[in-house]
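The primary structure of each chain is shown beneath.
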Amino acid sequence: IGDALSFAQPIGFGMGYLTLEELVKKSPNAGLPISAIKLTMVTLFSFLFFESYPTLIQHQDFAFRIPDFSPILASPLALGGILYTGLITTALALWVESIAFKRVPATDASIILTTEPLFAAAAGAFTLGETFGMSDYVGASLIIGACALAVVLDDKKTEGAPDIVS
């Protein structure tokens, strides 16, 4: 099931980017409400997964559970990490993404976001001294090649299109 989810994820993201592009075209100032809706959905699905995990994975009887936040609240480091993850890397990132889609087409944004693993690997190498194996180099080459191919194909498509004067 993990492979199916890994295959479906980029398709879902791509469809989401196309939808987001259409939404911000129709209502350019809707970045904050769109981000709020996305965060609400993340919250709901996370809570549903939390509640269904024991039933689906551990085959236990379903019982409504309330998360125990006391260990997180007792640790300033854990609380800071949760707040940083929720506010900066999730909420702020979704809001900036919504604003950016007013100016950048979804196809271009998808190409840019495809390189995310490369930046993550570079950050890991720079900050943690991680090293790369042959499969890492092959994967990076495939990502860069796919991005280059998408740009070249897009350039060829726009070359043959007639110029529209408005």
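The model shown is predicted, which means the values in this text are computed figures rather than measured ones.

Procedures and definitions
Residues numbered from 1 in each chain as written. Predicted model: local features only at pLDDT ≥ 70, side-chain atom pairs only at ≥ 80, totals over all residues. Heavy atoms only, no water. Helix = DSSP H or I, 4+ residues; strand = E, 2+ residues; numbered from the N terminus. Buried < 20%, exposed > 50% of the residue type's maximum accessible area, 1.4 Å probe, protein only. Contact = heavy atoms within 4.5 Å. Axes fitted to C-alpha atoms, helices over the stretch in contact; angles between N-to-C directions. Parallel < 35°, antiparallel > 145°, perpendicular 65-115°, else oblique. Left-handed = near helix turned anticlockwise from the far one by under 90°. Phe/Tyr/Trp six-rings, centres within 6.5 Å; stacked < 30°, edge-to-face > 60°. Patch = residues over 30% accessible without salt bridge, like charges linked within 9 Å, V, L, I, M, F, W, Y side chains within 5 Å. Areas by Shrake-Rupley, 256 points an atom, 1.4 Å probe, with all protein chains shown as cover. Salt bridge = Lys/Arg side-chain N within 4 Å of Asp/Glu carboxyl O. Core = buried A, V, L, I, M, F, W, Y, C linked by side-chain atoms within 4.5 Å.

Chemist: Give a detailed account of the side chain of Glu97, specifying residues and quantitative values.
Modeler: Residue position: Glu97 is located in helix α4 (residues 76-100). Glu97 gets classed as buried once you look at its relative accessible area, which sits at 18%. Once residues within four sequence positions are removed from consideration, Glu97 is found in contact with Tyr17, Leu20 and Lys38.

Chemist: Lay out the packing of helix α1 (residues 2-26) against helix α5 (residues 106-114) in plain terms, naming residues and giving numbers.
Modeler: Helix-helix packing is described using two parameters, namely the angle between the two axes and the distance between the axes. Two numbers describe how α1 lies on α5: the axes approach to 9 Å, and their chain directions differ by 140°. For the element pair α1 / α5, the angle class is oblique. By crossing handedness, the relation of α1 to α5 is classed as right-handed. Between α1, through Tyr17, Leu18 and Glu21, and α5, the contact on the second element is made entirely by Ala106, Ser110 and Leu113.

Chemist: Can you explain the packing of aromatic side chains? Please cite residues and give values.
Modeler: Applying the stated criterion across every chain yields a total of 6 aromatic pairs. Measuring from ring centre to ring centre gives 6.0 Å for Phe47 and Phe64, while their planes differ by 65°; the resulting arrangement is edge-to-face. Here Phe47, found in helix α2 (residues 31-56), pairs with Phe64, found in the loop between α2 and α3 (70-74); they are 17 residues apart in sequence, far enough to count as distant. Among the residues examined, Phe47 registers a relative accessible area of 33% and is labelled partly exposed. Ring centres of Phe49 and Tyr53 lie 5.7 Å apart, and the angle between their planes is 55°; this geometry places the pair in the tilted category. Pair noted here: Phe49 and Tyr53 are both in helix α2, with a separation of 4 residues, about one helical turn.

Chemist: Tell me what's going on with a nonpolar patch on the surface, and back it up with residues and numbers.
Modeler: A surface patch of nonpolar side chains, about 770 Å² in accessible area, is lined by Leu32, Leu83, Tyr84, Leu87, Ile88, Leu92, Trp95 and Val96. With 7 residues, α4 is the largest single contributor of residues to the nonpolar patch. Looking at the secondary structure, you find Leu83 in helix α4.

Chemist: Outline the pattern of salt bridges, listing residues and values.
Modeler: One pass over the structure, following the stated rule, counts 1 salt bridge. Among the salt bridges present, the one from Lys38 reaches Glu97, with a minimum N-O distance of 2.7 Å. Of this pair, Lys38 sits in helix α2 while Glu97 sits in helix α4, and the two are 59 residues apart along the sequence. For Lys38, a relative accessible area of 26% translates into the label partly exposed.

Chemist: Quick one: what's the story with the packing of α2 against α4, residue by residue and with numbers?
Modeler: Axis separation between α2 and α4 bottoms out at 8 Å; the angle between their running directions is 135°. Comparing their axes, α4 and α2 come out oblique. Handedness of the α2/α4 crossing: right-handed. Of the residues in α4, those touching α2 at Gly31, Leu32, Ile34, Ser35, Lys38 and Leu39 are Thr90, Ala91, Leu94, Trp95, Glu97 and Ser98.

Chemist: Tell me about the nonpolar core, and name the residues and values.
Modeler: Counting residues in hydrophobic clusters, the biggest one holds 8 residues: Tyr17, Leu20, Val24, Ala30, Ile34, Phe101, Ala106 and Ala109. Of all the secondary-structure elements, those providing two or more residues to this core are α1 and α5. With 3 residues, α1 is the largest single contributor of residues to this core. Those residues in contact with Ala109, other than ones at most four positions away along the chain, are Phe101 and Val104.

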